[in-house]
Amino acid sequence: TWHLKKIPQIVKERTFSLDSPKFEAKTKLELNSVCGIECQRKLPVPSLSDLKNLLSYETVFENGTRTLTEVNVLGAVLDPAANTTTQRPSRKKRQVYGADSRFSIYDKRFMTNFPFNTAVKISTGCSGILVSPKHVLTAAHCLHNGKDYVKGSKRLRVGLMKTKSRGNGRKRKGTSDGMPSFQWTRVKSTHIPKGWFKGVSGDIALDYDYAVLELKRPHKRKYMELGISPTIKMMPGSMIHFSGFDNDRSGQLVYRFCSISDESNDLFYQYCDAELGSTGSGIYLRLKEPNKKKWKRKIIAVYSGHQWVDINGEQQDYNVAVRITPLKYAQICFWIHGNDENCTQG
């Protein structure tokens, strides 16, 4: 069941103009991080002043201008046992090794209907998910490498799926049945949390690898609501689902599901088969609505991608997703609605 939680408030304090970014960073879809599962366990709980700094955010507009908004955080519960995790997972397959458990969605009845129609393509090479009539949730590293915005993010576009038209009911030459094409929409503005720019030990912080894009024009498609990420124990079979546009299956929407192996307060560690291009996908669950018999899908994490980390002097790899905690829910909801009145219950 989805359990309602009281959400902290993110309150805007001041907004400053910053110099325009250079937009010269190379897009890097596979990240190297120093903070793996053991490191996450040892991270100190952020203080209130830390949270105010980490959740302040940059906004970049389509004309290349940039602002920094400082925020205050009200009603946050600082959990001293925040980064406890379950036992360390045994090594399993990473990315795609051995049998490939991904599904390519070919049938246009599925492709153009919920939940698959919520998946979008980002022009920098990632995926994303529709979270309102005008907003897309994706990974921060699809737009920014921790130091500068990536090339192509100044004229950022989002591709919404449509099935290829056939004209007079006949299949056009050169098109394949069920392959999606995209209706491309310009992005009006981009929000990225300041926590993404700081990082652990001077490195980028995977905990804040999420961003929200505001589209120039609203769409009329069904989007997916945000949810608060439950713990592994509260998920049916610990299973998660997500769809994206993996680079090795060009032009196809790829769906997968798998169980989560481990968790920290901010991250899920899982071994869903995935390739580059699927990063930024919205990870969702299907749970029952409180006091109702209805089931509802909600986004509970953002897929950050395949990571290499140093564990006990050895390079090990896993797939990681950024959990939507009550604080992140409050921030993303604030970005979508422009106020915190619609974000009191998650």
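Further up the page is the structure itself.
Anyway, here's the lowdown on the structure attached to this text. (Residues numbered from 1 in each chain as written. Predicted model: local features only at pLDDT ≥ 70, side-chain atom pairs only at ≥ 80, totals over all residues. Heavy atoms only, no water.)

1. Quick notes on the overall build of the protein chain
Within the protein chain, the regular secondary structure consists of five helices and 18 strands. Partitioning the contacts of the protein chain with sequence separation of at least 6, the portion at a separation of at least 24 is 74%. Per element, the accessible surface of the protein chain, about 16,200 Å² overall, is 49% carbon and sulfur. (Helix = DSSP H or I, 4+ residues; strand = E, 2+ residues; numbered from the N terminus. Contact = heavy atoms within 4.5 Å. Areas by Shrake-Rupley, 256 points an atom, 1.4 Å probe, with all protein chains shown as cover.)

2. Section: the pattern of salt bridges
Note on pairing: side chains with opposite charge can pair once their charged atoms come close. For the structure on display, the rule yields eight salt bridges. Between Arg66 and Glu58 there is a salt bridge whose closest N-O contact spans 3.4 Å. Taking relative accessible area as the criterion, Arg66 reaches 17% and is therefore assigned buried. Look at Glu58 and you get buried, because its relative accessible area is 9%. One salt bridge connects Glu62 with Lys216, and the closest N-O pair in it is separated by 3.5 Å. With Glu62 in the loop between β3 (57-61) and β4 (66-74) and Lys216 in the loop between β11 (211-215) and β12 (225-226), the pair connects residues that are 154 residues apart, well separated along the chain. (Salt bridge = Lys/Arg side-chain N within 4 Å of Asp/Glu carboxyl O. Buried < 20%, exposed > 50% of the residue type's maximum accessible area, 1.4 Å probe, protein only.)

3. Here we look at the state of the cysteines
Inspection of the entire model under this criterion finds two disulfides. Paired by a disulfide, Cys126 and Cys142 hold their sulfur atoms 2.1 Å apart. As the torsion about the S-S bond is roughly -95°, the Cys126-Cys142 disulfide counts as left-handed. Here Cys142 lies in the loop between β8 (135-138) and β9 (157-163) and Cys126 lies in the loop between β6 (119-122) and β7 (127-130), a separation of 16 residues in the sequence. (Disulfide = S-S within 2.5 Å.)

4. Brief notes about helix α5 (residues 326-337)
Between its terminal C-alpha atoms α5 stretches 16 Å, which fits the 16 Å expected from twelve residues at 1.5 Å a residue. Looking at α5, one finds that the buried residues are Leu327, Lys328, Tyr329, Ala330, Gln331, Ile332, Cys333, Phe334, Trp335 and Ile336. Positive phi appears at Gly338, one or two residues downstream of α5, with a value of about 80°. (Expected span 1.5 Å × (residues − 1).)

5. Observations concerning the environment of Leu18
Along the polypeptide, Leu18 turns up in strand β1 (residues 9-18). Residue Leu18 is classed as partly exposed on the basis of its relative accessible area, which comes to 31%. In this structure the C-alpha to C-alpha distance between Leu18 and Thr67, which are 49 residues apart in sequence, comes to 5.2 Å. The contact partners of Leu18, leaving out residues within four places of it in the chain, are Glu58, Arg66, Thr67 and Leu68.

6. Observations concerning the nonpolar core
Leu55, Leu137, Val158 and Tyr210 are the most contacted members of the largest nonpolar core, which has 67 residues in total. Sorting elements by how many residues they give to this core places α5 first, with eight residues. Filtering out sequence-adjacent residues up to four positions away, Leu55 remains in contact with Ile10, Val71, Val73, Tyr208, Tyr210, Leu327 and Gln331. Counting residues in each nonpolar core, the second largest holds 17 residues, with Trp2, Ala274, Leu285 and Ala301 among its members. (Core = buried A, V, L, I, M, F, W, Y, C linked by side-chain atoms within 4.5 Å.)

7. Here we look at helix α2 (residues 48-55)
Residues Leu51, Leu54 and Leu55 constitute the buried set of α2. Along the axis of α2, the buried positions cluster into a sector of 85°, meaning they face one direction only. (Arc of directions from axis to C-beta.)

8. Some remarks on the packing of aromatic side chains
The geometry of an aromatic ring pair comes down to the distance between the two centres and the angle between the two planes. Throughout the structure, instances matching the rule amount to eight aromatic pairs. An aromatic cluster of at least three residues, connected via ring pairs, comprises Tyr57, Tyr208, Tyr210 and Trp335. The side chain of Arg157 reaches across the aromatic face of Trp184, ending 4.7 Å from its centre. (Phe/Tyr/Trp six-rings, centres within 6.5 Å; stacked < 30°, edge-to-face > 60°. Lys NZ or Arg CZ within 6 Å of the ring centre and 35° of its normal.)

9. Examining the pairing of β8
Residues His135 and Leu137 point to one face of β8 and Val136 and Thr138 to the other, with burial holding for every one of them. Bridging between β7 and β8 involves two bridges; their strand directions are antiparallel. When the sheet's bridge partners are listed, Leu130 is paired in β8 with Val136. Taken together, β7 and the strand that follows it, β8, pair antiparallel across an intervening segment of four residues. (Pairing = 2+ DSSP bridges.)

10. Here's the deal with the side chain of His219
Tracing the backbone through its elements, the reader meets His219 in the loop between β11 and β12. Residue His219 is classed as buried on the basis of its relative accessible area, which comes to 10%. In this structure His219 touches Leu130, Ser132, Pro133, Lys134 and Leu160, once residues within four positions along its chain are discounted.

The quantities given are spatial measurements derived from coordinates; they are silent on function.
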